[in-house]
Amino acid sequence: MVKEKSEDNAYVIVARADVESGADSAGKPSSKAARSQTAFFMALAIGSIASALGFSTLQEKVFNIDGFTYGGWMTFITYLTFSACGLAESAATRSFKRNAALRDYAGVSLLAMGGAYFTNWALNYLNYTTRIVFKSCRVLPVMAFRSLVVGQRYSALQYCAGLLLVAGITLFTAGDAAGGAPNFSGIGVGLIGLALVCDALTANLEERQFFRIRTPASHAEVMTYLSLFAAAESFVVLCISGELGRALTHSLQHRETVPFICAFSVLGYVTVCLILLLIKHFGATNAEVVKSMRKVCQVVLSFVVFPKPMSWKYL
């Protein structure tokens, strides 16, 4: 496999045979190259969905541990595990060269950490399934910020499809607010809203600052540096908020907490790496569509593994 740069600076992976054959006599892209791209996209999409299902199941199990309300602690351990996985991958591939600027990693990591922190914090006020469904509308702010940050333009039909998605999410949330859920608060909705803004900015800035540069960064590089900065930033927040001591005490009393967090973080690392590859080769919007698809699977699995009160609005 080799990497080829197109005129619009998007990077795609193509088979060497496709590079050599290029196009047919009419100058059109070969069908073999198109099939290769489709297969590559499907492999990334299916892999990210499978690993995300394991991630969400273990994460929800942690939030079901008696007395666990420490989203900041979870954010810190998650990013610490991400950075360890990134370093291990870099060591395995013997690739330690850094292509992106440290100042960019520091800036984007603040948004990434904020998105994770607000999401985990919101779970003190919302059901896990509501959190999953609500974050499915992230494709809309991603589209909006992508228009501003990257210059992408979308059709009215695409925006209408996005609004239809929001309508479905609103109905689902109304099911919780009507009393079907044992844990629902407007505070949680506000926190998820902040997380969506942070996540949307993160996805677009990752694409522009790390992958649309002269020498694109590898996903291992992005995960390592972004997670190291995010872990340090979340640790500072833990200390300032006073959550660190309480979280440590709880984890000592419930010793399964940290191993579960580390386990789903490893699965999360695999998921994020696959999503970064989707962003790198197919754009942030396509990556968000895949993430929205996987959330449907996560919601179904959550209701199966962790039974909850049902409402017709969930359908």
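Because the structure is a prediction, the values reported are computed rather than measured. (Residues numbered from 1 in each chain as written. Predicted model: local features only at pLDDT ≥ 70, side-chain atom pairs only at ≥ 80, totals over all residues. Heavy atoms only, no water.)

Caption draft 1: Layout of the overall build of the protein chain. Secondary structure summary: the protein chain contains 12 helices and two strands in total. Overall, the protein chain shows an N-to-C arrangement of helices and strands of β-β-α-α-α-α-α-α-α-α-α-α-α-α. Put simply, the protein chain has 315 residues, and 49% of those count as buried. Taking all contacts inside the protein chain whose residues are at least 6 apart in sequence as the whole, residues at least 24 apart take part in 82%. (Helix = DSSP H or I, 4+ residues; strand = E, 2+ residues; numbered from the N terminus. Buried < 20%, exposed > 50% of the residue type's maximum accessible area, 1.4 Å probe, protein only. Contact = heavy atoms within 4.5 Å.)

Caption draft 2: Geometry of the side chain of Arg-294. For Arg-294, the location among the structural elements is in helix 12 (residues 284-305). On the accessibility criterion, Arg-294 (11% relative accessible area) is buried. For Arg-294, the contacting residues outside a window of four places in its chain are Ser-48, Ile-49, Ala-52, Thr-271 and Ile-275.

Caption draft 3: Up close: a nonpolar patch on the surface. A cluster of nonpolar residues, Val-296, Val-300, Val-304 and Val-305, forms a patch on the protein surface that exposes about 350 Å² of accessible area. Of note, Val-296 is situated in helix 12. Residue classification places Val-296 among the exposed residues on the basis of a relative accessible area of 52%. (Patch = residues over 30% accessible without salt bridge, like charges linked within 9 Å, V, L, I, M, F, W, Y side chains within 5 Å. Areas by Shrake-Rupley, 256 points an atom, 1.4 Å probe, with all protein chains shown as cover. Salt bridge = Lys/Arg side-chain N within 4 Å of Asp/Glu carboxyl O.)

Caption draft 4: Seen up close, helix 8 (residues 186-211). With 26 residues, helix 8 extends 37 Å from end C-alpha to end C-alpha; this agrees with the ideal 38 Å at 1.5 Å per step. Taking the largest bend as the criterion, helix 8 deviates by roughly 25 degrees, centred on Leu-205. (Expected span 1.5 Å × (residues − 1). Bend = angle between axes of the 7 residues up to and from the residue.)

Caption draft 5: Quick peek at the packing of aromatic side chains. All told, the structure shown has 13 aromatic pairs when counted by the stated rule. An aromatic cluster is present here, built from Phe-40, Phe-41 and Phe-282 joined pairwise through their rings. The aromatic ring of Tyr-225 is capped on one face by Arg-98, whose charged end is 5.9 Å from the ring centroid. (Phe/Tyr/Trp six-rings, centres within 6.5 Å; stacked < 30°, edge-to-face > 60°. Lys NZ or Arg CZ within 6 Å of the ring centre and 35° of its normal.)

Caption draft 6: Up close: the state of the cysteines. Scanning all chains against the criterion turns up zero disulfides. Here Cys-85 is not disulfide-linked; the sulfur of Cys-273 is the nearest cysteine sulfur, at 8.1 Å. Residue classification places Cys-273 among the buried positions, given a relative accessible area of 6%. (Disulfide = S-S within 2.5 Å.)

Caption draft 7: Focus on empty space enclosed by the protein. Overall, the coordinates contain two cavities of 30 Å³ or more when judged by the stated rule. Estimates place the volume of the second largest cavity at around 40 Å³. Lining of the second largest cavity is provided by 10 residues; of these, Ser-56, Thr-57, Glu-60, Gln-298 and Ser-302 occupy positions nearest its centre. Here the lining of the second largest cavity takes four residues from helix 12, the largest share from any one element. Of the residues that constitute the lining of the second largest cavity, the class distribution is five nonpolar, four polar and one charged. (1 Å grid on protein atoms, 1.4 Å probe; cavity = no way out; pocket = protein on both sides within 12 Å on 5 of 7 lines; lining within 4 Å. Points joined across faces, edges and corners; volume = space filled by probe spheres on them. Nonpolar A, V, L, I, M, F, W, Y, C, P; charged D, E, K, R; others polar.)

Caption draft 8: Quick peek at the nonpolar core. Ranked by size, the top nonpolar core spans 53 residues in total, and within it Phe-68, Trp-73, Phe-210 and Val-222 carry the most contacts. Among the elements that make up this core, the one with the highest residue count is helix 11 (residues 257-282) (11 residues). Those residues in contact with Phe-210 that sit more than four places away from it in its chain are Ala-100, Asp-104, Tyr-105, Val-108, Leu-205, Pro-216, Ala-217, Val-222 and Leu-226. Formed by six residues, the second largest nonpolar core is a distinct cluster that contains Ala-122, Leu-126, Phe-134 and Leu-191. (Core = buried A, V, L, I, M, F, W, Y, C linked by side-chain atoms within 4.5 Å.)

Caption draft 9: Quick look at the packing of helix 11 against helix 12. Taken N-terminus to C-terminus, the directions of helix 11 and helix 12 make an angle of 145 degrees; their axes are 7 Å apart at the nearest point. Between helix 11 and helix 12, the contacting residues are Thr-271, Ile-275, Leu-278, Ile-279 and Phe-282 on the first element and Ala-284, Asn-286, Ala-287, Val-290, Lys-291 and Arg-294 on the second. When the residues that make up the contact of helix 11 with helix 12 are grouped by side-chain class, the tally is seven nonpolar, two polar and two charged. (Axes fitted to C-alpha atoms, helices over the stretch in contact; angles between N-to-C directions.)

Caption draft 10: Geometry of the confidence of the model for the protein chain. Residue-level pLDDT values for the protein chain average 79, and 78% of them are 70 or greater. When pLDDT is averaged over each helix and strand of the protein chain, the minimum, 34, is found for strand 2 (residues 11-14) and the maximum, 95, for helix 10 (residues 243-253). Here residues 1-27 is modelled with pLDDT under 50, and outside its nearest four sequence neighbours on either side it reaches 44 contacts, counting other chains as well. (pLDDT = per-residue confidence, 0-100.)

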